[in-house]
Amino acid sequence: MSIELKEVTTEVDWEALHTLRETVLFTEARHPGVVYDPAHPHDTNPAHTKLLLIKEGEPVGCTRLDPRPDGLVVVRLVAIANHLQRQGLGRDLERLALDRIRAMGSPKAVLNAAADAVGFYEKCGWTREDWDLTDGGAGATSVQMSKAV
Ligand SMILES: CC(C)(COP(=O)(O)OP(=O)(O)OC[C@H]1O[C@@H](n2cnc3c(N)ncnc32)[C@H](O)[C@@H]1OP(=O)(O)O)[C@@H](O)C(=O)NCCC(=O)NCCS
């Protein structure tokens, strides 16, 4: 099985990224009233790495890595395609993202976990840590977590 975390570069990649986010993350159930912005400045910021999880040539998941001035890297907008969840792909994405963060020279990865995703991150070895309460992340009910890389 081939699996890789690929940087978003082409129009086709961007389309796949937006589709995954819109169908998994920016749903009415998860974020009522929020309209997904495909041209958000946090995405166009070249310091932020947009990534697709590619399995057997098909995009199956995505995330974005945002380095901070203090050396931490924030893992944002993690999604696995709805019909492919709970088959181990989230673990693959997490492992490959941590490899990348290690290669960036960061000592620690951090994130804002949606309340219903905390159990997933705990299974992957993340622990609860308030790393920056001014970073809103996934919303008021999100849980700040970290993992040494
Ligand atoms: C959360 C998400 C990324 C996990 O990816 P996944 O491919 O479904 O997870 P995996 O199949 O790799 O699961 C790894 C382990 O975590 C567990 N797990 C997965 N999702 C879980 C959840 N929401 N709560 C608790 N445990 C979870 C699995 O049971 C598995 O445990 P096991 O190894 O003991 O069997 C994915 O389900 C998803 O995209 N969810 C919707 C969006 C979301 O919540 N994104 C995160 C926002 S911060």
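Everything quoted here is computed from the prediction, not taken from an experiment.

Rules behind the numbers
- Residues numbered from 1 in each chain as written.
- Predicted model: local features only at pLDDT ≥ 70, side-chain atom pairs only at ≥ 80, totals over all residues.
- Heavy atoms only, no water.
- Salt bridge = Lys/Arg side-chain N within 4 Å of Asp/Glu carboxyl O.
- Helix = DSSP H or I, 4+ residues; strand = E, 2+ residues; numbered from the N terminus.
- Buried < 20%, exposed > 50% of the residue type's maximum accessible area, 1.4 Å probe, protein only.
- Pairing = 2+ DSSP bridges.
- Near = heavy atom within 4 Å.
- Polar contact = N/O pair within 3.5 Å; in protein donor to acceptor, adjacent residues only side chain to side chain.
- Areas by Shrake-Rupley, 256 points an atom, 1.4 Å probe, with all protein chains shown as cover.
- Nonpolar A, V, L, I, M, F, W, Y, C, P; charged D, E, K, R; others polar.

Peer 1: What exactly am I supposed to notice about the pattern of salt bridges here?
Peer 2: Pairing between side chains of opposite charge can happen when the charged atoms of each approach one another. All told, the structure shown has 15 salt bridges when counted by the stated rule. For Lys147, the salt bridge goes to Glu94, with nearest N and O atoms at 2.9 Å. With a gap of 53 residues between them, Lys147 in strand β7 (residues 143–148) and Glu94 in helix α3 (residues 89–103) connect regions that are remote in the sequence. We note that Lys147, like Glu94, is buried. A salt bridge links Arg128 to Glu122; the nearest nitrogen and oxygen atoms lie 3.5 Å apart. Overall, the relative accessible area of 41% leaves Glu122 in the partly exposed class. By sharing partners, the salt bridges in this structure join Arg21, Asp43, Arg64, Asp66, Arg76 and Asp135 into a single network.

Peer 1: Is there a simple way to think about the pairing of β7 in this case?
Peer 2: Remember that side chains alternate between the two faces of the sheet whenever the strand is regular. Most of β7 is tucked away, with five of its six residues classed as buried. As paired elements, strand β6 (residues 127–128) and β7 share two bridges and run antiparallel to each other. What sits directly across from Arg128, in β7, is Met145.

Peer 1: So what exactly am I meant to see when it comes to the site of the ligand here?
Peer 2: Surveying the vicinity of the ligand reveals 22 residues, the closest of which are Arg86, Gly88, Gly90, Asp116 and Lys123. Separating a nitrogen atom of the ligand from a backbone N or O atom of Val78 is a distance of 2.9 Å. Interatomic distance of 2.7 Å between a side-chain N/O atom of Lys123 and an oxygen atom of the ligand. Its free accessible area being 890 Å², the ligand has 78% of it covered by the protein chains. Where the shell around the ligand is concerned, the elements lending two or more residues are α1 (11–25), β4 (73–80), α3, β5 (108–113) and α4 (118–123). In terms of residues, the shell around the ligand owes the most to one element, α4, which gives four residues. Tallied by class, residues from the shell around the ligand come to eleven nonpolar, six polar and five charged.

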